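Next come the chains, spelled out residue by residue.
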Amino acid sequence: MLISTPILTPLVVLVAWSMVMWLWMYATRLPAMMAMDMKPDPNAPRGEQMNTLPASVRWKADNYNHLMEQPTVFYAIVLALALLGFGEGINLVLAWAYVGIRIVHSLLQALVNKIEVRFLLFFLSSLALIGLTFNALRAVF
């Protein structure tokens, strides 16, 4: 089995970035909860208590959740490209572009949350993901 490993590096970087966002989420959420003397209520509807936290605290959690959504498609397509032996060249460039844009998106959402700019970044990262998917389709057909 031929495995092209260069494309696995951006995959690992995005996983590591997701863990950074996880840490940042709890580093801001727990102090905010303590400052509000919030006691977790298992009977409260999902998200109700967290919605009372300041917006700047919620932005980190929102972004962490976003990193658990579309990037799962990125992980799958990158693994497929690596296993198919197409993990270099334009696919490597597109993978790094996707990861770089997602990191910028995270920072923007976590710090200032300008939705119009976030949408543009999401759109651009989606184009990179579409390119990777198209190239994977070409590799298997």
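Our structure's up above, just so we're on the same page.
Presented here is a report on the structure given in the accompanying data block.

### Side note on unusual backbone geometry
Next, step 1: Unusually for a residue other than glycine, Asp37 sits at a positive phi of about 55 degrees.
Next, step 2: The residue Asn113 is not glycine, and still its phi comes out positive at about 55 degrees.
Next, step 3: On the secondary structure map, Asn113 appears in the loop between helix 4 (90-111) and helix 5 (115-140).

### What to know about the nonpolar core
Next, step 1: Among the nonpolar cores identified, the biggest contains 24 residues, and Ile7, Leu14, Phe74, Val78 and Leu132 are the most heavily contacted of them.
Next, step 2: Mapped onto this core, the elements with two or more residues apiece are helix 1 (8-35), helix 2 (55-67), helix 3 (71-84), helix 4 and helix 5.
Next, step 3: For this core, the element with the most residues is helix 3, which contributes six residues.
Next, step 4: Ala32, Met33, Met38 and Leu53 belong to the second largest nonpolar core, which has five residues in total.

### Description of helix 5
Next, step 1: If you check helix 5, its first and last C-alpha atoms are 37 Å apart, about what 26 residues at 1.5 Å a residue would give, namely 38 Å.
Next, step 2: Listed in full, the buried residues belonging to helix 5 are Arg118, Leu121, Ser125, Ser126, Ala128, Leu129, Gly131, Leu132, Asn135 and Ala136.
Next, step 3: Residues of helix 5 that are buried in the fold lie against helix 2, helix 3 and helix 4.

Thresholds applied
Residues numbered from 1 in each chain as written. Predicted model: local features only at pLDDT ≥ 70, side-chain atom pairs only at ≥ 80, totals over all residues. Heavy atoms only, no water. Helix = DSSP H or I, 4+ residues; strand = E, 2+ residues; numbered from the N terminus. Core = buried A, V, L, I, M, F, W, Y, C linked by side-chain atoms within 4.5 Å. Buried < 20%, exposed > 50% of the residue type's maximum accessible area, 1.4 Å probe, protein only. Expected span 1.5 Å × (residues − 1). Contact = heavy atoms within 4.5 Å.

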